[in-house]
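In case you want the letters, here they are:
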Amino acid sequence: MRPLKINMLSYEPIIKKTYERPALLVFGAVWDYDSRRMFDYLNKIVERFGEKICAGYVDLDFVPEIFSENKVYDIPAAVVFEDGKELKRIEKLTSPKQL
């Protein structure tokens, strides 16, 4: 299983499905070094937790609307959703250990 590339069509269903399992979304941009590192590390998280979580990445250049909706202003950032609501947020990630 791989992390999902989040787009406008997949975003809403993923957040609503957090009643079944938590969702971890990493917000970033491919041109940002730290974002690319977090996107890569997300693969390891998916390998470790498998079906226990839904994991995906949101690319600023493709879906800036999702950034605005979630008030993400610094990249990379990680947001955990549970029961349809934001549970935890970490902005300005610099190390995979922060995830």
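So, a few notes on the structure that sits alongside this text. (Residues numbered from 1 in each chain as written. Predicted model: local features only at pLDDT ≥ 70, side-chain atom pairs only at ≥ 80, totals over all residues. Heavy atoms only, no water.)

### Brief notes about the overall build of the protein
Alright, step 1. Tallying secondary structure elements over the protein gives three helices and five strands in all.
Alright, step 2. Helices and strands appear in the protein in the N-to-C order β-α-β-α-β-α-β-β.
Alright, step 3. Over its C-alpha trace the protein gives a radius of gyration of 12 Å, about what one expects of a compact globule, namely 13 Å for 99 residues.
Alright, step 4. The principal-axis extents of the C-alpha atoms in the protein amount to approximately 30 × 30 × 20 Å.
Alright, step 5. Among the 99 residues that make up the protein, the fraction classed as buried is 38%.
Alright, step 6. Across the protein, the fraction of contacts at a sequence separation of at least 24, relative to all contacts at a separation of at least 6, is 64%.
Alright, step 7. With 16 positive and 16 negative side-chain charges, the protein shows a spacing of 5 Å between the two charge centroids. (Helix = DSSP H or I, 4+ residues; strand = E, 2+ residues; numbered from the N terminus. Rg over C-alpha atoms; globule rule 2.2 N^0.38 Å. Buried < 20%, exposed > 50% of the residue type's maximum accessible area, 1.4 Å probe, protein only. Contact = heavy atoms within 4.5 Å. Lys, Arg positive; Asp, Glu negative; His and termini not counted. Charge placed at Lys NZ, Arg CZ, Asp CG, Glu CD.)

### Re the sheet that holds strand β2 (residues 23-28)
Alright, step 1. As summarised here, the arrangement of the five strands in space is β1-β3-β2-β4-β5, forming an open sheet in which the pairing is mixed. Because the sheet does not close on itself, it has two edges, and the strands there are β1 (4-5) and β5 (85-91).
Alright, step 2. Bridge analysis of β2 against strand β3 (residues 54-59) gives six bridges, and the strand direction is parallel. Within β3, the residue paired with Phe27 across the bridge is Val58.
Alright, step 3. With respect to the sheet, helix α1 (residues 8-16) is in contact with β1, β2, β3 and β4 (77-82), its orientation differing from that of β2 by roughly 145°.
Alright, step 4. The strands touched by helix α2 (residues 33-49) are β2 and β3; relative to β2, the strand with the most contacts, the crossing angle is about 160°. (Pairing = 2+ DSSP bridges. Axes fitted to C-alpha atoms, helices over the stretch in contact; angles between N-to-C directions.)

### A closer look at the pairing of β4
Alright, step 1. The pairing of β2 with β4 spans five bridges and is classified as antiparallel. Paired with Leu24 across the strands is Val80, a residue of β4.
Alright, step 2. Pairing of β4 with β5, which is carried by six bridges, proceeds in the antiparallel orientation. Pairing of Val80 across the sheet is with Lys88, part of β5.
Alright, step 3. The hairpin formed by β4 and β5 contains two residues between the paired strands, and Asp83 there has a positive phi angle of roughly 55°.

Coordinates in, geometry out; function isn't part of it.
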